[in-house]
Amino acid sequence: MATVENRAQKPAAGINDDIGEATRLELYRSQVLLREAEQRAFDLFLQNLVKGTSHLSLGQEAVAAGFATAMKPGDLSFCTYRGHAHTLARGVPVEKVLGELMQRDNGLMRGKGGSMHLTSAEHGVMGSYAIIGAHLPIACGAAWRAQYKGTKDVSVCFFGDGTTNIGAFHEALNFAVVWKLPVIFVCENNLYMEYTPIASVTAVKQPAADRAAAYGLERILIDGNDADVVYRTAQDAFAKARAGAGPSLIECLTYRHSGHSRADPAKYRPEGELERWKERDPVKVYRERLKQFGVDDKAIAAIENDVRKIVDDATEACKAAPMPPLDLLTTDVYADGGFAWRN
Amino acid sequence: MAELTYRDAVARGIAQEMERDEDVVFLGEDVADAGGVFKATVGLLEKFGPIRVRDTPISEQAIMGAAMGAAMTGLKPIAEIMFSDFFAVCFDYIANEFPKSRYMSNGQLKCPLVVRTGNGAGSRFGAQHSQSVENWCMMIPGLKVVAPSNPRDVIGLMAAAVRDPDPVIFFEHKSLYATKGEVPDGEIVDTLGTAAIARPGKDATILALALMVPRALAAAEKLKAEHGIDCEVVDVRSLVPLDTQTILGSVARTHRLFTVEENPRLCGWGAEIVSIVADEAFYDLDGPPVRITTPHIPLPAADILEDIALPTVDRIVDRVKRSMNS
């Protein structure tokens, strides 16, 4: 049975092991990009330039980076309202994401969706869903289409620990196993369902992994703050799905550095918890690993500087972008492009 | 031309579309092996095989979500929710997911699917298996809503729904499954958003939907024969899009409006139409519009109670006659 330990201890034969230098640099770059973009989103709402709500993935970057890096073009991502990182990790331009958060005309959905509904179909990001659990069955449907059409793409559904206690989670898992669908369910267990510790409202210790057996699935519990571990686990699950061997349920242990949403200062956390997790900050962990593997400081700094420039440029472009035109209000309610409900 | 039951028209309508387009797939509880609890999908499994006609667990959220995911990515699913009352356990998809994905994504996502469901009373099933819930769906921007009253419309509107690029909720009436009607041979394709004048008349317009259409027609015959009142019966057929032109045109000719609605009174579809007529055709009216509905009650199981809950032929006759004579 897979555990956190045996997946983390895969032998590393230097940087050119099963993962390799190029992929590792990509994993690092992705995590740095998510970190910088999310930090920028936070700064922008402190300046009141990001309206509405916003749910950041600061501290959870390794899960998004690890899975996205393991995906192939054509694979589909289904995200939650905490979906900025998963959207960016698929290669969606930072400007498009920040523009949507700032509800500008240059945003991914020109301000019609907002932070909780990021979608970029051309990048395989098939929506971010703000009703807990709703997208697990939807990901099943996309996987059913792949099975029916005989394509080899895989649908990946990301969700938080809180989702494991809603009915749609259980319906989707049973359904996916019975229909043997090429879908991967990824639980980001960041220890809190909104403001409440997940352990205090869940019948089992590991909210996703401990439910796997009920659906005849392998128990997979991994270190979600280690991008190498996430990447390897993802690759195994993709191989299984593409081979027609059905779904996987993966619980990634991680931690969000910020509150649940912009309104939450996260005062419910016990003293020292955040500091302990920050020692295991995924970006820091990965930077140290690259150094151990002999990647020189200059190469690492080049990635960081490049990403910072991308985020800076995107920020400026968004600040200069116009608000959406008012006639956008009534477009795309129906497929004819409008909102007519009568003749 | 052949006589067909409403029940068999469902299977023929689905088969017509599955034969035409192999992206059309069908899923639901007991729909394949068992042929549906109302026997409306008998023969589809044998004809199209277990890959296209699939039984599901009792998981309405999984059914709806799977249909949506498949629709978003290229299939044209028809999903069955056995009783429309069960919409309540998967309402997230009806209210939040199907109808909003296109808008929220600024047109990037699509959701071309059909949810067909057994709606309405008459089977003595009690309050949780008998409701008329078309108004639950009518109020949601992004959905289309149809409710056929006869076998020909079942086939034609099913074709229109499957071929439509938007999510369509297709209400079949449980008490109509055994009824028969003439159906032409060959392919039948109808148009969403069109009402039909089921019986022309000059004195009053009676609007009806699904099971209320045959009752309105019977009432119209009685009103003519016994009271000399010549009613025009309009089968609304499609609540969204709504064919207001046919409705307003009829009211302009008859100057009187009655609605016959199976739903409980509050927020029934007739209220919306009365408000449109009041707004746009007030001076065409020679008297106040009248809504004939089920009272604001859950439905009882006992036949003698259920029978008096729904608008009956006699109640329609009585209400129209009183109003016309006052």
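Above this text you will find the structure in question.
Residues numbered from 1 in each chain as written. Chains lettered and ligands numbered in written order. Predicted model: local features only at pLDDT ≥ 70, side-chain atom pairs only at ≥ 80, totals over all residues. Heavy atoms only, no water.

A.B. asks: Could you give an account of the sheet that holds strand 14 (residues 290-294) of chain B, naming the residues involved and the relevant values?
C.D. replies: All names here are of chain B. An order of 9-11-10-13-14 is seen for the five strands of this open sheet, with the pairing classed as mixed. Edge positions in the sheet fall to strand 9 (196-199) and strand 14, since each of these pairs with one other strand and no more. Between one strand and the next, the sheet's axes are offset by a mean angle of 25 degrees, whatever the strand orientation. Where strand 10 (residues 204-208) meets strand 13 (residues 257-264), four bridges bridge the pair, whose relative direction is parallel. Paired with Leu-207 across the two strands is Thr-259, which belongs to strand 13. Along the sheet face, helix 12 (residues 313-325) touches strand 10, strand 11 (231-235), strand 13 and strand 14 and points at about 160 degrees away from the line of strand 14. (Pairing = 2+ DSSP bridges. Helix = DSSP H or I, 4+ residues; strand = E, 2+ residues; numbered from the N terminus. Axes fitted to C-alpha atoms, helices over the stretch in contact; angles between N-to-C directions. Contact = heavy atoms within 4.5 Å.)

A.B. asks: Can you break down the pairing of strand 4 (residues 76-83) of chain B residue by residue, with the values?
C.D. replies: Walk down a regular strand and you will see the side chains alternate between the two sheet faces. Residues and elements named next belong to chain B. Where burial is concerned, most of strand 4 is hidden: eight out of the eight residues are buried. Bridge count between strand 2 (residues 24-28) and strand 4: five bridges; the pairing is parallel. Considered in strand 4, the bridge of Val-25 is made with Pro-77. Here strand 4 runs beside strand 5 (residues 114-119); their pairing, made up of five bridges, is parallel. Among the inter-strand pairings, Phe-83 is bridged to a residue of strand 5, identified as Gly-118. (Buried < 20%, exposed > 50% of the residue type's maximum accessible area, 1.4 Å probe, protein only.)

A.B. asks: Residues and numbers for the side chain of A:His84, please.
C.D. replies: Here A:His84 is to be found in helix 4 (residues 84-89). Not counting residues up to four positions away in its chain, the partners in contact with A:His84 are A:Glu38, A:Ser54, A:His55, A:Leu56, A:Leu101, A:Ser115 and A:Leu118.

A.B. asks: Outline the packing of aromatic side chains, listing residues and values.
C.D. replies: If you walk through the whole model with that rule in mind, you get 19 aromatic pairs over all chains. Both rings, one in B:Tyr6 and one in B:Tyr177, keep their centres 5.8 Å apart while their planes meet at 70 degrees; by these two values the pair is edge-to-face. With a gap of 171 residues between them, B:Tyr6 in helix 1 (residues 6-20) and B:Tyr177 in the loop between strand 7 (168-173) and strand 8 (180-183) connect regions that are remote in the sequence. For B:Tyr6, a relative accessible area of 0% corresponds to the buried category. Owing to a relative accessible area of 2%, B:Tyr177 belongs among the buried residues under this scheme. Measuring from centroid to centroid gives 5.3 Å for B:Phe282 and B:Tyr283, while their planes differ by 90 degrees, and the two rings are edge-to-face. Assessed through its relative accessible area of 79%, B:Tyr283 is described here as exposed. Members of the aromatic cluster, joined through ring pairs, are B:Tyr6, B:Phe38, B:Phe83, B:Phe86, B:Phe125 and B:Tyr177. One cation-aromatic arrangement involves A:Arg342 over A:Trp341; the distance from NZ or CZ to the ring centre is 5.9 Å. (Phe/Tyr/Trp six-rings, centres within 6.5 Å; stacked < 30°, edge-to-face > 60°. Lys NZ or Arg CZ within 6 Å of the ring centre and 35° of its normal.)

A.B. asks: Please provide a residue-by-residue account of the nonpolar core, values included.
C.D. replies: Counting residues in hydrophobic clusters, the biggest one holds 146 residues, and the most contacted among them are A:Phe78, A:Phe185 and B:Phe98. For this core, the element with the most residues is helix 3 (residues 60-72) of chain B, which contributes nine residues. Each residue touching A:Phe78, except ones within four places of it in the same chain, is listed here: A:Met126, A:Gly127, A:Tyr129, A:His135, A:Ile138, A:Ala139, A:Ala142, A:Ser155, A:Val156, A:Cys157, A:Phe158 and B:Met72. Judged by nonpolar contacts, the second largest core, of 62 residues, contains A:Leu44, A:Leu56, A:Phe67 and A:Cys252. (Core = buried A, V, L, I, M, F, W, Y, C linked by side-chain atoms within 4.5 Å.)

A.B. asks: Describe the side chain of B:Lys76, listing the residues and the values that go with them.
C.D. replies: Residues and elements named next belong to chain B. Secondary-structure assignment places Lys-76 in strand 4. The buried charged residue Lys-76 lacks any salt bridge, with Asp-21 as its nearest oppositely charged partner at 6.4 Å. Side-chain polar atoms of Lys-76 contact the backbone oxygen of Val-162, separated by 2.5 Å. Sequence-distant contacts of Lys-76, that is, excluding residues within four places in its chain, are made with Asp-21, Asp-23, Val-24, Val-25, Pro-112, Val-162, Arg-163 and Asp-164. (Lys, Arg positive; Asp, Glu negative; His and termini not counted. Salt bridge = Lys/Arg side-chain N within 4 Å of Asp/Glu carboxyl O. Polar contact = N/O pair within 3.5 Å; in protein donor to acceptor, adjacent residues only side chain to side chain.)

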